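Structure at a glance
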Amino acid sequence: MIRTFVPIFSICLLAACTSEPVNKALSVASIEQAWIAEGFESPEGVAAAPDGGYFISNVVGEGTDKDGNGYISHLAADGSITTRYWTAKLDAPKGMAVLDGTLYAADIDSVVMFNVEDGERLDSVRIEGAKFLNDATDWNGAIYVSDSGDAAIHRISDGTAELWLQDERLAGVNGLLGDGDRMLVSTMTTGSLFSVTAEGELTEIAAGMENADGIGLVPGGGYLVSSWPGQIHYVGEDGAVATLFDEPVSQNDLTVIGDTVIVPNWRQNTVTTWKVGR
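Residues numbered from 1 in each chain as written. Predicted model: local features only at pLDDT ≥ 70, side-chain atom pairs only at ≥ 80, totals over all residues. Heavy atoms only, no water.

Turning next to the environment of Lys 275. You can see Lys 275 is positioned in strand S27 (residues 270-277). Given the relative accessible area of 37%, Lys 275 is considered partly exposed. Each C-alpha atom, one on Lys 275 and one on Gln 33, is 6.3 Å from the other, the two residues being 242 residues apart in sequence. Discounting chain neighbours no more than four positions away, the residues touching Lys 275 are Ser 30, Ile 31, Glu 32, Asp 259 and Thr 260. Engagement of the side chain of Lys 275 in a polar contact is seen with the side chain of Thr 260, the distance being 2.7 Å. (Helix = DSSP H or I, 4+ residues; strand = E, 2+ residues; numbered from the N terminus. Buried < 20%, exposed > 50% of the residue type's maximum accessible area, 1.4 Å probe, protein only. Contact = heavy atoms within 4.5 Å. Polar contact = N/O pair within 3.5 Å; in protein donor to acceptor, adjacent residues only side chain to side chain.)

Okay, the nonpolar core next. Soluble globular proteins tend to pack their nonpolar side chains together in the buried interior. Core analysis: the largest hydrophobic core is formed by 15 residues, its most contacted members being Tyr 144, Ile 153, Trp 164, Leu 170, Met 183 and Val 185. Not counting the four nearest positions on each side in its chain, Tyr 144 is found in contact with Asp 135, Ala 136, Thr 137, Trp 139, Ile 153, His 154, Arg 155, Trp 164, Leu 176 and Met 183. (Core = buried A, V, L, I, M, F, W, Y, C linked by side-chain atoms within 4.5 Å.)

What follows concerns the sheet that holds strand S20 (residues 202-206). Strand order in the open sheet formed by 4 strands is S17-S18-S19-S20, and the pairing between neighbours is antiparallel. Looking at which strands have only one partner, the edges of the open sheet turn out to be strand S17 (173-179) and S20. Looking at each pair of strands side by side, their axes are set apart by 25° on average, direction ignored. (Pairing = 2+ DSSP bridges. Axes fitted to C-alpha atoms, helices over the stretch in contact; angles between N-to-C directions.)

See below:
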């Protein structure tokens, strides 16, 4: 079932009680809700499907339960569920990424691979010592996966996993997004957005976004960052943070594809899409 709404949310500064002028880039950013799809089970992650639709991971219960109940659904571009069990019998699949025709899904302490065309299970890589694998991204020809329980990011290449980066500043690391010569990283503990070089050098762009989760690039500049308790933030190139949406609706692995923003809502068992503009 799809419910359609079209409110436009204006921008309010995260530090709302200030007399300082609003940055011009912030004053023109907006998101407009397009539709809400229903019928999921603890949806968490998003990846683009080759037909213009989306893959949605369903945790089905707790994020650490190895129960074999998790699955991935295929969602059409208009929000209709085309294949509920595109692939199944996972434990608690969360973040996903596509590279060279393969879908990679983070599943507690393993990364499971599927043929992106038909859902055939190809292989899996267990990451020794992983505590809570969360988000995934493709970057520089490899897959990177965050471990929220160990302040770590792992790299998978040619079927082999290795620890790529571990830093106390990455406590509660969650969202990952490869972007050219850098990776964007969000953390839950400090609510930070970092830029990370290929050599692992961290630069904080912004902070204070409670339980920061997914990251997306805004056409024309800046970033969207979701906070899973219920916020969607806009972060300017100068690091200024504004809140575009703030309601008690969980905002998980926010993903931007073109001008479309797609966000799973874990507690509501829904998926919401927005259009982002200036």
